[in-house]
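Examining the three-dimensional arrangement
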Amino acid sequence: MNIKKELAVFFIWFRNGICFAFTWLLLLRLIALKVNGIDTISVTQLIEMLLWTAGGVLLFCIAFRKLILRKTGFTARLTLFMVLITAYEAGYFYHEGLFTGSGHAYEWLLFSALVVLMYLICLAIYSVYRKKNGERYTVALQKYQQERKLANE
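Computed from a predicted model, the values in this text were never measured in an experiment.

Let's shift gears to the pattern of salt bridges. Tallied over the full model, the rule gives three salt bridges. Notably, a salt bridge pairs Glu6 with Arg65, separated by 2.8 Å at the nearest N-O pair. With a gap of 59 residues between them, Glu6 in helix H1 (residues 3-35) and Arg65 in the loop between helix H2 (43-64) and helix H3 (74-96) connect regions that are remote in the sequence. When its relative accessible area of 9% is taken as the criterion, Glu6 is described as buried. Here Arg29 makes a salt bridge to Glu96, at a shortest N to O gap of 3.2 Å. Separated by 67 residues along the polypeptide, Arg29 in helix H1 and Glu96 in helix H3 bring together distant segments of the chain. Owing to a relative accessible area of 33%, Glu96 belongs among the partly exposed residues under this scheme.

Below is the structure:
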């Protein structure tokens, strides 16, 4: 593995992830503020939102790029990411005041159910992707074996 190239791609993912996630979060926050009749957002709120976004994107890049975890499969990476981002999100919710104290059971139940649901959806999508690629690989291998068989006759 070329560490220099991997590091460059890591930072490209980091930059693009921050841009994408921050834009969406800003759009959602602006909609929520408008619905609640609030017409302004402070610079401090924007900076905090940017820093929290950067932290989440950093977790994503660590989990899914091969800079740190070189020989880990997708399912293990996804599991690691879900564990890290769940703890990170809980910290964010406490910071924003959405969770207070030890929280209510229904808040944690809803939060946990959403995390597990998203995890299962990701695994289902990956399963379909892996199956489709496996079938394509099998067809290509059979074609290659047939060509080799004909060439050796």
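So, on to the state of the cysteines. Using the criterion set out here, one finds zero disulfides in the structure. Free cysteine Cys122: the closest other cysteine sulfur is in Cys61, separated by 16 Å.

Under the criterion given, the structure shown has 15 aromatic pairs. Note on Trp108 and Phe111: the rings are 5.9 Å apart at their centroids and 80° apart in plane angle, and the pair reads as edge-to-face. Of the two residues, Trp108 and Phe111 are both situated in helix H4 (residues 105-152); the distance of three residues between them amounts to about one turn of the helix. Residue Phe111 is classed as buried on the basis of its relative accessible area, which comes to 10%. Members of the aromatic cluster, connected to one another through ring pairs, are Trp13, Phe60, Phe64, Phe74, Phe81, Tyr126 and Tyr129. When the ring centre of Trp13 is taken as reference, the NZ or CZ atom of Arg65 above it lies at 4.6 Å.

Another point: the environment of Asn36. Looking at the secondary structure, you find Asn36 in the loop between H1 and H2. Here the alpha-carbon distance between Asn36 and Gly73, two residues 37 residues apart in the chain, equals 44 Å.

This next bit is on H1. Its 33 residues give H1 an end-to-end C-alpha distance of 47 Å, which sits within 8% of 48 Å, the value for a rise of 1.5 Å per residue. Among the residues of H1, those classed as buried are Glu6, Phe10, Gly17, Ile18, Phe22, Arg29 and Leu33. The backbone nitrogen of Lys4 has a side-chain oxygen 3.2 Å away, supplied by the residue at the start of H1, namely Asn2.

Leu59, Ala63, Phe64, Leu78, Phe81, Met82, Ile85, Ala90, Phe99, Phe111, Val115 and Tyr119 together form the largest nonpolar core, which totals 12 residues. The set of elements that each furnish at least two residues to this core consists of H2, H3 and H4. Among the elements that take part in this core, H3 stands out by supplying five residues, more than any other. If we ignore the near neighbours within four places in the chain, the residues touching Phe111 are Thr86, Glu89, Ala90, Phe93 and Phe99. Formed by six residues, the second largest nonpolar core is a distinct cluster that contains Ala54, Val57, Cys61 and Leu67.

What counts, and at which threshold
Residues numbered from 1 in each chain as written. Predicted model: local features only at pLDDT ≥ 70, side-chain atom pairs only at ≥ 80, totals over all residues. Heavy atoms only, no water. Salt bridge = Lys/Arg side-chain N within 4 Å of Asp/Glu carboxyl O. Helix = DSSP H or I, 4+ residues; strand = E, 2+ residues; numbered from the N terminus. Buried < 20%, exposed > 50% of the residue type's maximum accessible area, 1.4 Å probe, protein only. Disulfide = S-S within 2.5 Å. Phe/Tyr/Trp six-rings, centres within 6.5 Å; stacked < 30°, edge-to-face > 60°. Lys NZ or Arg CZ within 6 Å of the ring centre and 35° of its normal. Expected span 1.5 Å × (residues − 1). Polar contact = N/O pair within 3.5 Å; in protein donor to acceptor, adjacent residues only side chain to side chain. Core = buried A, V, L, I, M, F, W, Y, C linked by side-chain atoms within 4.5 Å. Contact = heavy atoms within 4.5 Å.

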